[in-house]
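Each chain, written out:
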Amino acid sequence: MEQRRLTDFYARRRLGLRAPSLRVKPTWRTPSPAKSALRAQVSTSSGSRKRARPPAEPASDEPTRAPSAPSARRRLRLPDNVDVGPGSPAAPDSTSALDSPEYSPPIKKTKKAALSAGQLPKLAPHKDKVSSKVTFSELQTCLQRARELGARAQERRASAQGNDAGQPSALEAKEHPAGPTEEKAPAYQRFHALAQPGPPGLVLPYKYQVLAEMFRSMDTIVSMLYNRSETVTFAKVKQGVQDMMRKRFEERNVGQIKTVYPASYRFRQERNIPTFKDNVKRSDYQLTIEPLLDQEVGNMAPQLTASRLLQRRQVFGQNLVERVREHHRVFLASLNPPMVVPEDRLTRWHPRFNVDEVPDIEPAELPQPPTTETLATAQEVLARARSLMSPRMEKALNDLALRTAVPSSPVSSPVLPATPPATPSALLKGVSQDLLERIRAKEVQKQLAQMTRCPEQEQRLQRLERLPELARVLRSVFVSERKPALTMEVACARMVGSYRVAMSPGEMEKHVQLLSELLPGWLSLHRIRTDTYVKLDKAADLAGVTAQLARLAHAEEML
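Described below are features of the structure shown in this document.

Cut-off values and rules
Residues numbered from 1 in each chain as written. Predicted model: local features only at pLDDT ≥ 70, side-chain atom pairs only at ≥ 80, totals over all residues. Heavy atoms only, no water. Helix = DSSP H or I, 4+ residues; strand = E, 2+ residues; numbered from the N terminus. Buried < 20%, exposed > 50% of the residue type's maximum accessible area, 1.4 Å probe, protein only. Contact = heavy atoms within 4.5 Å. Areas by Shrake-Rupley, 256 points an atom, 1.4 Å probe, with all protein chains shown as cover. Salt bridge = Lys/Arg side-chain N within 4 Å of Asp/Glu carboxyl O. Core = buried A, V, L, I, M, F, W, Y, C linked by side-chain atoms within 4.5 Å. Axes fitted to C-alpha atoms, helices over the stretch in contact; angles between N-to-C directions. Parallel < 35°, antiparallel > 145°, perpendicular 65-115°, else oblique. Left-handed = near helix turned anticlockwise from the far one by under 90°. Nonpolar A, V, L, I, M, F, W, Y, C, P; charged D, E, K, R; others polar.

Helix and strand counts for the chain come out as 17 helices and 5 strands. Taking all 559 residues of the chain together, the buried fraction comes to 25%. In the chain, the proportion of contacts linking residues at least 24 apart, taken out of those at least 6 apart, comes to 61%. Carbon and sulfur atoms make up 55% of the accessible area of the chain, which totals about 40,100 Å².

Written as structure tokens, this is what we have:
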């Protein structure tokens, strides 16, 4: 409940009491005339010794007639020595609020100095001066900004004139530096081949894999429509493929599919096909798609079964790999020295061959709807309707044809700059050419072996690279256990817990078997009943063992 209501409540509640010590609590707001009269009656009837406050008198301009503090309805007067700051109530930004008649400062019981009536007008000029200063600075800023914009507009106008004349301006060269303007593909597309799980192989680029998925979705939609003897149109296939892949599917993608697998579909432009759509007329031409299938035994119509869909998908994938092989072959021929790898032995791409930068597949040309003959120039109109025109109209069309005929200027083919011959790097100055040739030959041999390596050999090489560190781990296990022999399960469990890479016990057992195969004198396996025991020669030199394992791994890598 507010203070005013509390005061009124107690004033009305205690009208009949005769307690001389009872006083009415003054309010913090300016009392209205009616409430002042009510308080006067309460004071008279209760016999209080406090005299009622007389009603507020109008303010006087003479300072001598204001001995007491001014009432709350009077305006706030500031003396000359009052510091007007940004945090004070009489700051220049808040003078409008103080001057308003609705502003009523609270009346406190503490004694304050009365403000003279003639001191407030001195604050207004100060406020006007501040606002004028701010306005002048703003005008200066606006004027400087306008000059800068005018200068930039003149520079752009001059650059536009220079571009029309064939001379690029310095401003344009500064805003648009020289370089490729094509936007880079996202990282998940540019490095898609590096993020593939499993051992490296003949990985397809990201855009080729997307095209293979489009062919799979398109073949699925076509098989559903074709098996129920429905005319397959591009509009139906497009909607179905986009719903399956959540990607855009256009005629360009169909042209790419035709380029990769020409014997997959037959495309035609047909009309009078029911579409049941308002935006497509029955008389409009539509692109129809028909799958090319081998004729079955008998007069039965062939069907697109699941086995045929799988076979067609495999053929499409092999065609995509063959296209990447062609680009890879060109890349190998451009190396120094050039490399030749048999196609039947190629199991992975060259390490420097960027698979995801393979150029996109050029779309094949699809059948287009027949174009109706349209009259585009005045000569064609004159040739078609010469007999239907009057001589005057014929003369006007002849004049228009002569005016619009502009001799075509021969197009000059741009002359490509000749590529400079390859020069050796400045860092190789002073190095003998024979040494460089031997290094390049070794590098070529290593890359050739890497590209023709089968997956089983790749796994064996990875295990050989881990053997030196695993040999140290296994010896530390035997030293800590203080036993001449350990079971295979116990040894593998200890090695799995001590090795830095997470590995299963079965995989660790394969490493131990390979270690015993390469170094039978240092590590031996003994089969006793149902258990296999591992015995290690602790007296052997561990450094010599690890060096021998490293030599074996390097020798097998160069094979």
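Next comes the rest of the description.
For the rest of this paragraph, the subject is the pattern of salt bridges. One pass over the structure, following the stated rule, counts 22 salt bridges. We note a salt bridge from Glu230 to Arg228, for which the minimum N-O separation is 3.0 Å. Given the relative accessible area of 54%, Arg228 is considered exposed. In the salt-bridge network here, residues are joined through shared partners; they are Arg266, Arg268, Glu270 and Glu290.

This brings us to the nonpolar core. Counting residues in hydrophobic clusters, the biggest one holds 48 residues, and the most contacted among them are Met218, Val237 and Phe249. The element contributing the most residues to this core is helix H7 (residues 206-227), with 10 residues. Aside from chain neighbours lying at most four places away, what touches Phe249 is Met214, Met218, Phe234, Val237, Lys238, Val241, Gln242, Val254 and Ile257. Among the nonpolar cores identified, the runner-up in size contains 29 residues, and Val473, Tyr499, Met503 and Ala553 belong to it.

Further remarks concern the packing of H7 against helix H10 (residues 306-333). Here H7 crosses H10 at 155°, and the two axes come no closer than 10 Å. The angle between H7 and H10 places the two elements in the roughly antiparallel class. When the axes of H7 and H10 are compared, the crossing they make is right-handed. Counted together, Tyr208, Leu211, Ala212, Phe215, Arg216, Asp219 and Ser223 of H7 and Leu309, Arg312, Arg313, Phe316, Leu320, Arg323, Val324 and His327 of H10 form the full contact between these two elements. Of the residues that constitute the contact of H7 with H10, the class distribution is 8 nonpolar, 2 polar and 5 charged.

Any functional reading would require information beyond the geometric quantities listed.
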